[in-house]
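Results of the structural survey
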Amino acid sequence: MNEPLAERYLSLLKKSLLNELYIENEVRIHNFMMQIMFPKATTLEKLIHEFLTAGTSELGNTLRTMRSEGSWLMTVVNDENGNPVEVKEARNFAFVPHTMIGRARLDNLQECMHAVLADNVAGDFIETGVWKGGSTIFMRGFLKAHDVTDRKVWVADSFAGLPEPSHPEDDGVDLSANTMPYLAISEAEVRELFNRYELLDEQVVFLKGWFRDTLPAAPIDKLAVLRLDGDLYESTMDALNHLYHKLSPGGFVVVDDYNALPQCERAVTDFRARYDIRDHIERIDKVSVYWRKA
Ligand SMILES: C[S@@+](CC[C@H](N)C(=O)[O-])C[C@H]1O[C@@H](n2cnc3c(N)ncnc32)[C@H](O)[C@@H]1O
């Protein structure tokens, strides 16, 4: 693809994956949800006003900021009558978009992929923990935009949500489909989304199952980008244990949950200590980090 057009395609692809193009409608949906969750705040006038001003309302601005930062956990502050007055402490707040990682992390992913192409770092791209698949769709779109045909995108997930906590470091952190059904997206749904973007082909490989079962035997030769987004100690450690040695020198490790979930940070710290990894950890946004393998 001609270079400026490739960049424009990737820019549009990111906006679409983040639902930035139609964010007013997402704000409207959130406004309706708020009205349902907090019925005391519901008056017809308020509802109509919120609907009509969705693009510019407080909630609209909050949602835009959260989307750029990659936010999803939402704390609503209510007044004494139970009316929502403030939305704060949000992370990856995303029901509608096709990735919850937000703009800064999607930009970082693009920079990592650019760097490995520019520096001829050999290997495929993988994300361990894909949810709706948006980040991996972006990986495939990036390869397409740059006419790269000799690298694959590996899409690793249970497609049934997180495992129940079994590692002592994950004690008490149940993010499985029992408590977070929202994180369980089926393989069929992810494939359908890849298809919608016209990016499902033989360069995309699905690894379905728990990381502990799929990653040890995955027929991956070399990796250039290893994106970890499995939230738990177990999920982060399984990915590092089975994949880090396949990462080429000059390749990138991105840790989505590093500053958000202490068990994820602990897995990274334990792994780096065990193998004496001293590559500098760089911040991407409030919660995510990456390092480049020396
Ligand atoms: C936070 S979501 C990933 C968000 C995604 N990266 C995006 O771009 O929106 C976490 C995902 O990790 C998956 N997951 C976590 N631990 C896993 C494990 N041990 N084995 C398989 N899948 C796992 C879950 O099913 C879920 O889809």
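Everything discussed here concerns the structure shown above.
Keep in mind that what you see is a predicted model, and the values were worked out from it rather than measured.

**Notes on the overall build of the protein**
Regarding its fold elements, the protein presents 10 helices and 9 strands. Counting the 294 residues in the protein, one finds 54% classified as buried. Considering only intrachain contacts with a sequence separation of at least 6, the fraction spanning at least 24 residues in the protein is 73%. Carbon together with sulfur atoms contributes 54% to the accessible area of the protein, which is approximately 13400 Å² in total.

**With respect to the pairing of strand E9 (residues 289-292)**
Residues of E9 alternate between two faces, with Val 289 and Trp 291 buried on one and Tyr 290 and Arg 292 left unburied on the opposite face. With 4 bridges connecting them, strand E7 (residues 247-255) and E9 associate as antiparallel partners. Bridging across to E9, Val 254 finds its partner in Tyr 290. Pairing between strand E8 (residues 282-283) and E9: 2 bridges, direction antiparallel. Residue Glu 282 lies in a different strand from E9, and its bridge partner there is Tyr 290. What sits between the antiparallel neighbours E8 and E9 is a turn of 5 residues.

Cut-offs and rules
- Residues numbered from 1 in each chain as written.
- Predicted model: local features only at pLDDT ≥ 70, side-chain atom pairs only at ≥ 80, totals over all residues.
- Heavy atoms only, no water.
- Helix = DSSP H or I, 4+ residues; strand = E, 2+ residues; numbered from the N terminus.
- Buried < 20%, exposed > 50% of the residue type's maximum accessible area, 1.4 Å probe, protein only.
- Contact = heavy atoms within 4.5 Å.
- Areas by Shrake-Rupley, 256 points an atom, 1.4 Å probe, with all protein chains shown as cover.
- Pairing = 2+ DSSP bridges.

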